[in-house]
Amino acid sequence: MSAVVSTIREPLVTGKKTYHDITEDLCRPTESVPSVQWVIGFIIAASLAAFGVFCIVWTIWIGIGSWNLNRTINWGWDITNFVWWVGIGHAGTLISAILLLFRQKWRTGVNRAAEAMTIFAVICAGLFPLIHMGRLWLAIFIFPYPNTRGPLWVNFNSPLLWDVFAISTYFTVSLLFWYTGLVPDFATVRDRAVGVRRKIYNFLSFGWTGSAKHWQRWESLSLILAGLATPLVLSVHTIVSFDFATSIIPGWHTTIFPPYFVAGAIFSGFAMVLTLMLVARKVLHLKDYITLEHIESMNKVILLTGTIVGVAYLTELFIAWYSVYPYEQFAFFNRALGPYYWSYWGMMLCNVITPQLFWSRKIRRSLFWTFFLSIIINVGMWFERFVIIATTLARDYIPSSWSYYVPTWVEIGIFMGTIGIFFTLFLIFTRVAPVVAIAEIKSILKSSGDKYVGKDADPVHHHHEEEHDDSNGFLHYLEGEDIYTETDASSGINTLADMSASSSVESDAVSLVSEVEAPSATQVDDLKKVEGIGPKIEGLLNAAGITTFQQLANSNFDAVKAILVAAGSRYQMKDPTTWMEQAKMAAEGRWEELKKWQDELDGGKA
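Read on for a plain summary of the structure.

Procedures and definitions
Residues numbered from 1 in each chain as written. Predicted model: local features only at pLDDT ≥ 70, side-chain atom pairs only at ≥ 80, totals over all residues. Heavy atoms only, no water. Helix = DSSP H or I, 4+ residues; strand = E, 2+ residues; numbered from the N terminus. Buried < 20%, exposed > 50% of the residue type's maximum accessible area, 1.4 Å probe, protein only. Areas by Shrake-Rupley, 256 points an atom, 1.4 Å probe, with all protein chains shown as cover. Phe/Tyr/Trp six-rings, centres within 6.5 Å; stacked < 30°, edge-to-face > 60°. Contact = heavy atoms within 4.5 Å. Salt bridge = Lys/Arg side-chain N within 4 Å of Asp/Glu carboxyl O. Axes fitted to C-alpha atoms, helices over the stretch in contact; angles between N-to-C directions. Parallel < 35°, antiparallel > 145°, perpendicular 65-115°, else oblique. Left-handed = near helix turned anticlockwise from the far one by under 90°. Nonpolar A, V, L, I, M, F, W, Y, C, P; charged D, E, K, R; others polar. Core = buried A, V, L, I, M, F, W, Y, C linked by side-chain atoms within 4.5 Å. Expected span 1.5 Å × (residues − 1).

**Some remarks on the overall build of the chain**
Okay, step 1: Counting its secondary structure elements, the chain contains 23 helices and two strands.
Okay, step 2: Within the chain, the proportion of its 606 residues that are buried is 55%.
Okay, step 3: Carbon and sulfur atoms make up 66% of the accessible area of the chain, which amounts to about 26,900 Å² in all.

Below you can see the structure in the form of structure tokens.
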């Protein structure tokens, strides 16, 4: 099935990549020695994480009194940071689930890192409510379970309890989604590894073989998890917003919070994905897989969600004025002109004004501006959460209880520690798994790679080859067929062969190749190294007496075609035109020449 690609659409994979190049480029970071940049970054991140763990232990040992919380401001940096981290974790599920369901190809370059970012951000977010309890060992009481306390149960009417279920569900589904996508790539790394490393990746890949059944179940599970994750994208931060919206405190008690929080979460999440991916793009040399087209597409989403957030800010101001409710009006007046005015105007500058720069295509495609603005946006989103929490609580109905909140070194240390934990986990992830999904990049190569499409496409490929259509995913299997990915250790050739169920070869087809010299008992070649031949067709050829490259090279087209025809209708579609010449190159040991030619073939067809 052909994929129609607009001639003006920019390729998503550049550098004239082949399937072998993709495997080499994306597996290399997991196999090579860490770079100096990686080591420096890891030392800094691990040091911050260690300091954060020290501050957490200090808080548990000394108590919440080590923070500057008081009767007026009982939520400070802890809940601010909790909401900020949960928001950052939103983009991963959006890219993974919603863009997968809409078949957006540009997600393939960034989805793996975005999913990892989600997991690590939610881990950091979950720390803050636990620490805020003071007595961390009593956290078990937040879960409803049969107990001996009689009628004493958790308050099911509290959105704080809803948070427990929403975030734990979100984390579980996101973790499953992330790991499901990793399984085929773990198998690729396994096939290239040796020794203990191979055993570890064999365990992580769950015995993946690349059969049709495995691909079918993999795609089904991905779609199911995408369907489950999609409502979670909307519900998790909606429920987080209920922590504020269901209260009666002026400035919090508003119905605009759910959509406003969701848009803000996607806004900050995409900004963090860009921050991470631009660094990974540079350090891991991934510019051919994370292209300017990916960056521009993400900046468009940031522009959209940033505009929605800006409208939400203005709507809040309008409703406060229109309501003629003095306490609501004072809450917003206090935000803009009170003692925390700097955080409010910093929020407006970072979240409303600076994203509008992305209306310029030149800025959307600028690496410097994208990186700079992604950091500014996340600073602004932290200001937003601080404005909502601290400035609202600092001044309530009784002027005598007004207060001004300043965090202690312990609170600052815990926040910096979570940043260290986040980047430490992400840096370890880049050494353990491919940062860009290998299988998904390969799925769009012939429909979005500059070797095959675009103004600079090779003439031999340009719209004359059958392109892989990604409208139904990259699993181009036929019902009942096996799809087998074979990596040739000697030549590094990656072949994706579509085979059907095995059937016996008719005796008259066998007679057509009777003139081929019979091999010795030990002379058997791996015919799957010929592109277009997989395990089942190899079995058919072996049954017909063709077990070596030389025998296949000496066979004629009619003889091989007769074997396929005799095997049944599923094999009649196979075209063995190039098989004999490929086998001849293999028999003569011309592996590099064979590899280059196979890069130009499409499933063994010229």
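**Points about the packing of aromatic side chains**
Okay, step 1: A complete count under the given rule lists 49 aromatic pairs for this structure.
Okay, step 2: When the ring of W208 is compared with that of W215, the centres are 4.8 Å apart and the planes differ by 85°; the resulting orientation is edge-to-face. Comparing W208 with W215, the two get one shared label, buried.
Okay, step 3: Look at F318 and W321: their rings are 5.8 Å apart centre to centre, the planes differ by 45°, and that puts the pair in the tilted class. You can see F318 and its partner W321 sitting in helix α10 (residues 292-323), three residues apart, about one turn around the helix.
Okay, step 4: A residue is classified by how much of its surface remains accessible, and F318, at 44% relative accessible area, is partly exposed.
Okay, step 5: Looking at W321, the relative accessible area reads 58%, which means it is exposed.
Okay, step 6: Linked through ring pairs, W77, W84, W85, Y340, W342, W382, F383, F386, Y404, F415, F422 and F423 together constitute an aromatic cluster.

**Brief notes about the side chain of S247**
Okay, step 1: With respect to the helices, strands and loops of the structure, S247 is situated in the loop between α8 (212-245) and α9 (257-283).
Okay, step 2: With relative accessibility at 15%, the residue S247 sits in the buried group.
Okay, step 3: The contacts of S247, once residues within four sequence positions are left out, are W252 and H253.

**As for the environment of W67**
Okay, step 1: Inspection of the secondary structure assignment puts W67 in the loop between α2 (36-62) and α3 (77-88).
Okay, step 2: Residue W67 is classed as buried on the basis of its relative accessible area, which comes to 5%.
Okay, step 3: Taking C-alpha positions, W67 is 5.7 Å from T408, a pair spaced 341 residues apart along the chain.
Okay, step 4: Leaving out residues up to four positions away in the same chain, W67 has contacts with T59, D78, I131, H132, T408, V410, E411 and I414.

**Some points on helix α22 (residues 579-587)**
Okay, step 1: Looking at α22, one finds that the buried residues are W579, M580, Q582, A583, M585 and A586.
Okay, step 2: In this fold, the buried residues of α22 make contact with α18 (535-543), α19 (549-554), α20 (557-566) and α23 (591-600).

**A closer look at the pattern of salt bridges**
Okay, step 1: This structure, assessed with the given rule, holds 21 salt bridges.
Okay, step 2: In this structure, the salt-bridge partner of E296 is R361, at a minimum N-O distance of 3.7 Å. With E296 in helix α10 and R361 in helix α13 (residues 361-364), this residue pair connects regions lying 65 residues apart in the sequence.
Okay, step 3: Residue classification places E296 among the buried positions, given a relative accessible area of 4%.

**Brief notes about the packing of α3 against helix α14 (residues 367-394)**
Okay, step 1: It is at 9 Å that the axes of α3 and α14 come closest, and there the two elements cross at 135°. The pairing of α3 with α14 is recorded here as oblique in orientation. For the crossing formed where α3 meets α14, the hand is right-handed. Residue-level inspection shows W77, I79, T80, N81, V83, W84, G87 and I88 of α3 in contact with α14, the latter providing N378, M381, W382, R385, F386 and I389.
Okay, step 2: Looking at the contact of α3 with α14, its residues break down into nine nonpolar, four polar and one charged.

**A look at the nonpolar core**
For soluble globular proteins, nonpolar side chains are generally found buried alongside one another.
Okay, step 1: Counting 126 residues, the largest nonpolar core has W85, F244, F270 and F422 as its most contacted members.
Okay, step 2: Take this core: its biggest share by element is 17 residues, from α9.
Okay, step 3: Once you skip the residues sitting within four places of it in the chain, F270 turns out to touch A91, L94, I95, W106, M298, V301 and I302.
Okay, step 4: In this structure, I533, I546, I563 and M580 belong to the second largest nonpolar core, which totals 22 residues.

**Topic: helix α5 (residues 111-132)**
Okay, step 1: The first and last C-alpha atoms of α5 sit 32 Å apart over 22 residues, in line with the 32 Å expected at 1.5 Å per residue.
Okay, step 2: Among the 22 residues that make up α5, 16 are buried, leaving the element largely enclosed by the rest of the structure.
Okay, step 3: Positive backbone phi, approximately 85°, marks G134, located one or two places after α5.

**Considering the side chain of D185**
Okay, step 1: One can find D185 in helix α6 (residues 159-192).
Okay, step 2: If near-sequence neighbours (up to four positions away) are discounted, D185 is found in contact with R112, P434, V436, A437, I438 and A439.

**Some details on the packing of α3 against α9**
Okay, step 1: Relative orientation of the contacting elements α3 and α9 amounts to 70°, with a least axis distance of 7 Å. Taken as axis vectors, α3 and α9 run roughly perpendicular relative to one another. Residues V83, W84, G87 and I88 of α3 touch α9, and the partners they reach there are F261, A265, S268, G269 and M272.
Okay, step 2: Split into classes, the residues belonging to the contact of α3 with α9 amount to six nonpolar, three polar and no charged.

**Looking at unusual backbone geometry**
Okay, step 1: Positioned with a positive phi, R103 is a non-glycine residue whose angle comes to about 55°.
Okay, step 2: Tracing the chain through its elements places R103 in the loop between α4 (90-101) and α5.
Okay, step 3: Positive phi values are uncommon outside glycine, yet F206 reaches one of about 55°.
Okay, step 4: Among the secondary structure elements, F206 is positioned in the loop between α7 (195-204) and α8.
Okay, step 5: Accessibility expressed as a relative area gives 59% for F206, which makes it exposed.

**Comments concerning the environment of A586**
Okay, step 1: Summarising the element assignment, A586 is placed in helix α22.
Okay, step 2: In this structure A586 touches F549, W591 and L594, once residues within four positions along its chain are discounted.

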